[in-house]
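Take a look at the letters that make up each chain.
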Amino acid sequence: MYRIIEKKDLSSTIKLMRIAAPEIAKKAQAGQFVILRIHNHGERIPMTIADYDRVQGTITIVFQVVGKSTEELATLKEGDSILNFLGPLGQPSEIKNYGKAVCIGGGVGVAPIYPIARSLHEAGNKVISIIGARNDKMLFYKEEMNSVSEHLHIVTDDGSRGKQGLVTDILCDLLESGEQIDLVFAIGPVPMMRAVAELTRGYGIKTFVSLNPIMVDGTGMCGGCRVSVGETSKFACIDGPDFDAHQVDFDQLLERQKMYCQEEQDSKEHWHQCNCRG
Amino acid sequence: MTTKKTRKKTREVMQTQQPKVRVHNFDEVALGYTEEQAVAEAERCLNCKKKPCSNGCPVGVDIPGFIELIREKDFLGAAKKIKESNNLPAICGRVCPQEEQCEKNCILGKKGEPLAIGRLERFVADRERECGVEMPPLPEPQDKKVAVVGSGPAGLTVAADLAKLGYGVTMFEALHDPGGVLIYGIPQFRLPKEIVKGEIDYIQGLGVDLKVDSLIGRIQSVDELLADGYDAIFIGTGAGLPNFMDIPGENLNGVYSANEFLTRTNLMKAYQFPEYDTPIKVGKRTAVIGGGNVAMDSARCALRLGAKEVYIIYRRSEKEMPARAEEIEHAVEEGVKLKLLCAPTRIIGEDGWVKALECINFELGEADESGRRRPVPIKGSEFIMEMDTVVMAIGNSPNPLISQTTPDLKTGWRGVLVADPETGLTTKPGVYAGGDIVTGAATVISAMGAGKKAAAAIDRYLKGDS
Ligand SMILES: Cc1cc2nc3c(=O)[nH]c(=O)nc-3n(C[C@H](O)[C@H](O)[C@H](O)COP(=O)(O)OP(=O)(O)OC[C@H]3O[C@@H](n4cnc5c(N)ncnc54)[C@H](O)[C@@H]3O)c2cc1C
Ligand SMILES: Cc1cc2nc3c(=O)[nH]c(=O)nc-3n(C[C@H](O)[C@H](O)[C@H](O)COP(=O)(O)OP(=O)(O)OC[C@H]3O[C@@H](n4cnc5c(N)ncnc54)[C@H](O)[C@@H]3O)c2cc1C
Ligand code: SF4
Ligand code: FES
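Each helix and strand in chain B was counted, giving 18 helices and 18 strands. Taking 2.2 N^0.38 as the reference for a compact globule, 466 residues should give roughly 23 Å; the C-alpha atoms of chain B span a radius of gyration of 23 Å, in line with that estimate. Its C-alpha atoms put chain B at 65 × 65 × 50 Å along the principal axes. Here chain B holds 466 residues, and 59% of them are scored as buried. With the model as given, the accessible surface of chain B reaches about 19200 Å², and the carbon-plus-sulfur share is 52%.

This paragraph deals with the nonpolar core. Counting residues in each nonpolar core, the largest one holds 78 residues, and the members touching the most others are Ile63(B), Phe66(B), Ile70(B), Ile91(B) and Ile458(B). When residues of this core are assigned to their parent elements, the largest contribution, nine residues, is made by helix H18 (residues 444–463) of chain B. Listed in part, the 42 residues of the second largest apolar core include Ile128(A), Val190(A), Cys225(A) and Ile238(A).

Residue and element names in this part refer to chain B. The five strands lie next to each other as E8-E16-E9-E10-E11, forming an open sheet whose pairing is parallel. Sheet topology places strand E8 (255–257) and strand E11 (337–340) at the edges, where each strand pairs with a single neighbour. Strand-to-strand twist across the sheet, computed as the mean angle between neighbouring axes with direction ignored, equals 20°. The pairing of strand E9 (residues 285–289) with strand E10 (residues 309–314) spans five bridges and is classified as parallel. By the bridge assignment, Arg 285 is partnered in E10 with Glu 309. Sitting on the sheet, helix H13 (residues 258–267) is in contact with E8 and strand E16 (389–392), with an inclination near 85° to E8. Strand contacts of helix H14 (residues 293–304): E9, E10 and E16, with the helix running at about 165° to E10, the strand carrying the most contacts.

This part is about the pattern of salt bridges. Summed over the entire model, instances satisfying the criterion amount to 51 salt bridges over all chains. Across the pair Asp277(B) and Lys68(A) runs a salt bridge, and its minimum N-O distance is 2.8 Å. Taken together, the residues span two chains, with Asp277(B) in the loop between H13 and E9 and Lys68(A) in helix H2 (residues 68–75). Of the two residues examined, Asp277(B) and Lys68(A), each falls in the buried class. Taking the shortest distance from any N to any O, the salt bridge between Glu35(B) and Arg127(B) comes out at 3.2 Å. With Glu35(B) in helix H2 (residues 35–43) and Arg127(B) in helix H8 (residues 117–131), the pair connects residues that are 92 residues apart, well separated along the chain. One connected set of salt bridges, linked through shared partners, spans Arg22(B), Arg190(B), Asp297(B), Arg300(B), Arg304(B), Arg324(B), Glu327(B), Glu333(B) and Glu334(B).

Moving on, we get to the site of ligand 3. Taken together, Cys45(B), Leu46(B), Cys48(B), Pro52(B), Cys53(B), Pro64(B), Cys106(B), Ile107(B), Leu108(B), Leu115(B) and Ile117(B) form the complete shell of residues around ligand 3. In the shell around ligand 3, the residues fall into 11 nonpolar, no polar and no charged.

Right, let's get into the pairing of strand E4 (residues 45–48) of chain A. Residue and element names in this part refer to chain A. Only one face of E4 is buried, namely the one carrying Ile 45 and Met 47, since none of Pro 46 and Thr 48 on the opposite face is buried. With four bridges connecting them, strand E3 (residues 33–37) and E4 associate as antiparallel partners. From the neighbouring strand, Phe 33 faces E4, where its bridge partner is Thr 48.

Turning next to the site of ligand 1. All names here are of chain A. Lining the immediate environment of ligand 1, one finds 23 residues, of which Pro 46, Thr 48, Gln 64, Ser 69 and Thr 70 sit closest. One nitrogen or oxygen atom from the main chain of Ser 69 is found 2.8 Å from an oxygen atom belonging to ligand 1. The fraction of the free accessible surface of ligand 1 (860 Å²) that becomes covered by protein chains is 87%. For the shell around ligand 1, the elements supplying multiple residues, two or more each, are E4, strand E6 (58–64) and H2. Here the element with the most residues in the shell around ligand 1 is E4; it accounts for four residues. Of the residues in the shell around ligand 1, the class split is 12 nonpolar, seven polar and four charged.

In this complex, chain A contributes 49 residues to the contact, which on the side of chain B involves 42 residues. Interface area for chain A against chain B, summed over the two sides, is near 3800 Å², with a carbon-plus-sulfur share of 52%. If you sort the residues of chain A by the area they bury against chain B, Met221(A), Arg226(A) and Met259(A) come out on top, with a joint share of 18%. Taken together, the links from chain A to chain B amount to three salt bridges. A salt bridge links Glu224(B) to Lys27(A); its shortest N-O distance comes to 2.7 Å. For the pair chain A and chain B, the number of links is 25 residue pairs in polar contact (both at pLDDT 80 or more). Of all the elements in the fold, those that place two or more residues in the side of chain A that touches chain B are helix H1 (22–27), H2, strand E8 (84–89), strand E15 (226–229), strand E16 (232–235), helix H8 (250–257) and helix H9 (261–277) of chain A.

All names here are of chain A. For strand E2 (residues 14–20), a buried count of six out of seven residues is recorded, marking the element as mostly surrounded by other parts of the structure. As judged from the five bridges shared by strand E1 (residues 2–9) and E2, these two strands associate in the antiparallel manner. Residue pairing in the sheet places Asp 9 in a bridge with Lys 15 of E2. Once E1 ends, the chain turns through four residues before running back antiparallel as E2. By the bridge criterion, seven bridges tie E2 to E6 in an arrangement that is antiparallel. Pairing of Ile 19 across the sheet is with Ile 59, part of E6.

All names here are of chain B. The interhelical angle for the contact between helix H4 (residues 63–71) and H8, taken along N-to-C directions, is 60°, at an axis separation of 11 Å. Judged on the interaxial angle alone, H8 and H4 are oblique. Between H4 and H8 the crossing geometry is left-handed. Contacts between H4 and H8 pair Ile 63, Phe 66, Ile 67 and Ile 70 from the former with Ile 117, Leu 120, Glu 121 and Val 124 from the latter. Its residues placed into classes, the contact of H4 with H8 shows seven nonpolar, no polar and one charged.

Most of H13(B) is tucked away, with 10 of its 10 residues classed as buried. Taken together, the buried positions of H13(B) are Ala258(B), Asn259(B), Glu260(B), Phe261(B), Leu262(B), Thr263(B), Arg264(B), Thr265(B), Asn266(B) and Leu267(B).

The next subject is the packing of aromatic side chains. Residues and elements named next belong to chain A. For the structure on display, the rule yields 11 aromatic pairs over all chains. When the centroid spacing of 5.7 Å and the interplanar angle of 40° are considered together, the rings of Tyr 2 and Phe 85 count as tilted. One end of the pair, Tyr 2, is in strand E1; the other, Phe 85, is in strand E8, with 83 residues separating them in the sequence. Tyr 2 sits in the buried class, given a relative accessible area of 18%. Its relative accessible area of 0% is what places Phe 85 among the buried residues. Relative to Phe 208, the ring of Phe 185 has its centre 5.4 Å away and its plane inclined at 40°; by these criteria the two rings are tilted. A residue pair is termed long-range when its members are at least 10 positions apart, and Phe 185 in strand E13 (residues 183–187) and Phe 208 in strand E14 (residues 206–210) qualify at 23 residues.

What counts and how
- Residues numbered from 1 in each chain as written.
- Chains lettered and ligands numbered in written order.
- Predicted model: local features only at pLDDT ≥ 70, side-chain atom pairs only at ≥ 80, totals over all residues.
- Heavy atoms only, no water.
- Helix = DSSP H or I, 4+ residues; strand = E, 2+ residues; numbered from the N terminus.
- Rg over C-alpha atoms; globule rule 2.2 N^0.38 Å.
- Buried < 20%, exposed > 50% of the residue type's maximum accessible area, 1.4 Å probe, protein only.
- Areas by Shrake-Rupley, 256 points an atom, 1.4 Å probe, with all protein chains shown as cover.
- Core = buried A, V, L, I, M, F, W, Y, C linked by side-chain atoms within 4.5 Å.
- Pairing = 2+ DSSP bridges.
- Axes fitted to C-alpha atoms, helices over the stretch in contact; angles between N-to-C directions.
- Contact = heavy atoms within 4.5 Å.
- Salt bridge = Lys/Arg side-chain N within 4 Å of Asp/Glu carboxyl O.
- Near = heavy atom within 4 Å.
- Nonpolar A, V, L, I, M, F, W, Y, C, P; charged D, E, K, R; others polar.
- Polar contact = N/O pair within 3.5 Å; in protein donor to acceptor, adjacent residues only side chain to side chain.
- Buried area = accessible area lost by both parts, 1.4 Å probe.
- Parallel < 35°, antiparallel > 145°, perpendicular 65-115°, else oblique.
- Left-handed = near helix turned anticlockwise from the far one by under 90°.
- Phe/Tyr/Trp six-rings, centres within 6.5 Å; stacked < 30°, edge-to-face > 60°.

Given below as C-alpha cells:
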C-alpha cells in the first residue's frame, strides 16, 4: 500500500498528490512514469512522475479528472492509500546540454514538462518555457516553471492570463523571430503535440513529445501501447514515452486513444450509480 | 488387482461442463475425477518396472509409485510422492501436455488409451488441497539471501526449493499479482486462479518474501541486487514480449496481442466489467491467429466474452497444432472454427477500426528441418473475411529489460539468456536463469524443471562446493 502524504487542488479538475514510494523515488528520473491501481477492482492507470523527492521518499503525480478512475482517485484524501504503484517506468528523457531549449506544456501536460525543464536547466540549457491552459484557473506551476526558465510565456484560451491564444502561437513567433533554437520538448493533448511537430519540422529542429497511449502493464508485455514511429511500431511503455515528434503518427494515436470511449462512459455511469446507492 | 481380462482399454471419462453452458461462463470446464473414478483408472496401471511414463516426464515424477498409492486409496501419500519432484501438481495436472510426455510413453497406449496420468495427478492434488496442505517443518534459517526475479512457475519453484533449505528468499514480481502466465495468461476456466493463489500462499508460508510492483531493471538492476547483499539471483522473467506479424493494419483498433487480450480478461477481469474497471472489446466476429495454447485460450475467451463467431487461423494443418489435444477438442466443441492452412496478409480498416482480414491459403510442400511439411502460400488464393477483432497469438519473445540493464549477461537467439542447461548458471557469476527466458516460450513443467535444477545449483554454489 502506498500512502498519500499530500493532496492539493491545482484547479477544479487538476489534482496533485504526493505519494510515499521511497524505492521509486530513489530511482525516478525526468520523463518516467508510474502505473497505479487504486484498489482490487481498479484498472492500471499510467501517470507521469511530476516530481520526486529522494530524501523524503515521495513521488508527485498531477492528474486531470477525465473519467472513472481519475474521478475516484480524486476522492482519496491525505492519509489514504493506493493499492499498487509501479515504477519508475519508461526511458528517462534524453537530458544533455543542447543549447537553447523550448519546453511547452499544455493543460495537465505542464506537470510532466516541469521536471524535464528543470533537468534541462540543470544541464546548462537556456530554457524558454511556454505553458497554456483554458483559463487562468486551470493554470498551475507558474512559479515552478518560472524558476527554471530564462523566460516563461503564458497563454490562455480566453486571455484571462497571459496572452490569449495557443502555445503554438508563441512558438511560431519565436521561430519566425529567427531565434536559434536547438531543442523543443512538448507535452500536452495530442493535437497540440501534433501542431508543435508540424511547426518545427520545417525548421529542422529536434523535437521530442511524450506520448500517452492506452496502457495496461507498462512493462512491455501486452503491446497495447504500440505507436507508429517512422516505419516501425514501438511500445511506448518501454521504448518511450518520449519520441521524435517528426516521426510519430499522431492521427493513429488519436484513434487508438478512443478505443474504449463507450466503455469509459459505461464505467463512469456504473460507478455513479453504485455511489448513489451507497 | 484386476486381472488382464477385465482391464479396461479406455480411460475413465472426466466430466466436463456442457459446451452450450460453459461458453457463457468462466468456470472451470473439466470437473475432475470422483474418488471411484480415480481408483478405477489407477487399476488400469500395469506398474511397469521400467517406468516408461516417468521417463517421459520432464521432472521425472515417480508415476507408477503415486498411482499405486491411489489404488491403495492413500491419496495424501500419492500427493506427497508427486511433490517429491513436482511442487505444483494441481497446476500441472491441468495444463501439462501429457499426451506429448508421460502418457505418450504409456504401454497401455499401444493397445488402447494410455493411462490418464494428468487427471490422476490433478485428482490427488485437489484432494490434498481440500484436506488442507501440510506445511513441511521449516529448517534452520541460513544467513545467505537469494533474490528471485519473476513469479512464474520457474521462479515459484526456485523460491520454494530454496526456502525449504532455509535460505532467505525474496521474490520480485513486476505485476500486481504473482504467478506469471498462470495468472495473467491461462484463463480461469482452464486453471482456476484460486489454485494458483493456493500455491503462492504455500510458498509464502515457507517464508518467501514476495514483492509485487517491482520491475527489476527499473526499480533495481541485477547488479544493484547483488550489491544490496543478495548472494545469488535467479532470473525467471519468462517470454512475455508479444510478437506481431508486421502486416499492414496491425495498429488498427480491434487488433490485440494475445497477451493483451488475455491479460485484460484474466488478470484484470474484464469479463466482469464494469464491476472491474478494465474494459475489453470483442464484437461479433473474432479471428485468432496461431495454433498454440495461447491461441486456443484467446479463442475460448472471445466466445465467453460474447463473440458470435470465432476463428482460429493457422498456417499448418491440425495435426501440427502445438496446442494440447484437449484444448483443441474443447475449443471445437464450444464452436470455435478452425481455418487451417491459411494466414493473414493484411488487416483492412475503416475509420481506424478493424473491418476485415485478408488471408491467403497454403498447401503443404517439402518437409523442413523439423520434418514437418512446410506450408507454402498458394498464389492468388487471397480471400477476405469480415472481422471485428483480431488477436495475434503467434508467439512471445523474452522481455529484453534485464539483459539490456545487465551488461555481462550474454543473450542468444531472440534475446534468450544464455544459461547452462544443467545448472541454469548464466554468464554472470552468482546469477542463474531458467524457464521461458532461457528456452523461449515452452511449458509450465519445463520451466519448473529448470527451476529445480537451478535451485539445487544455487544451493551448491552458496555452500561453496561448485
Ligand atoms: C505514459 C503516460 C503518462 C500519463 N501521465 C498523465 C499525467 O501525468 N496526468 C494525467 O492527468 N494523465 C496522464 N496520463 C493519462 C491518464 O493515464 C488517463 O487520463 C487515465 O488513465 C484516465 O482514466 P479514467 O478512468 O479517469 O478515464 P477514462 O474515461 O477511462 O479515459 C479517458 C481517456 O484517458 C485515456 N485512458 C484511459 N485508460 C487509459 C490507460 N489505461 N492508459 C492510458 N490512457 C488511458 C483514454 O485516451 C481515454 O479516452 C498519462 C498516460 C500515459 C500513457
Ligand atoms: C496463454 C498461455 C497458455 C499457456 N498454456 C500452457 C499449457 O496449457 N501448458 C503448458 O505447459 N504451458 C502453457 N503455456 C506456457 C507456460 O505458461 C510458460 O511456458 C511458463 O509459464 C513459463 O514460466 P516462467 O516461469 O519461465 O515465466 P512466466 O510464467 O512468463 O513468468 C514470468 C514472470 O516474471 C515477471 N517479470 C518479467 N520481467 C520482470 C522483471 N524485469 N522484474 C520482475 N518481474 C518480471 C512477469 O511479470 C511474470 O509474472 C501457456 C502460455 C500462455 C501465454
Ligand atoms: S507406462 Fe502407463 S501403465 Fe506403465 S506404469 Fe506408467 S502409467 Fe502405468
Ligand atoms: S503497456 Fe503493455 S506493452 Fe506497453
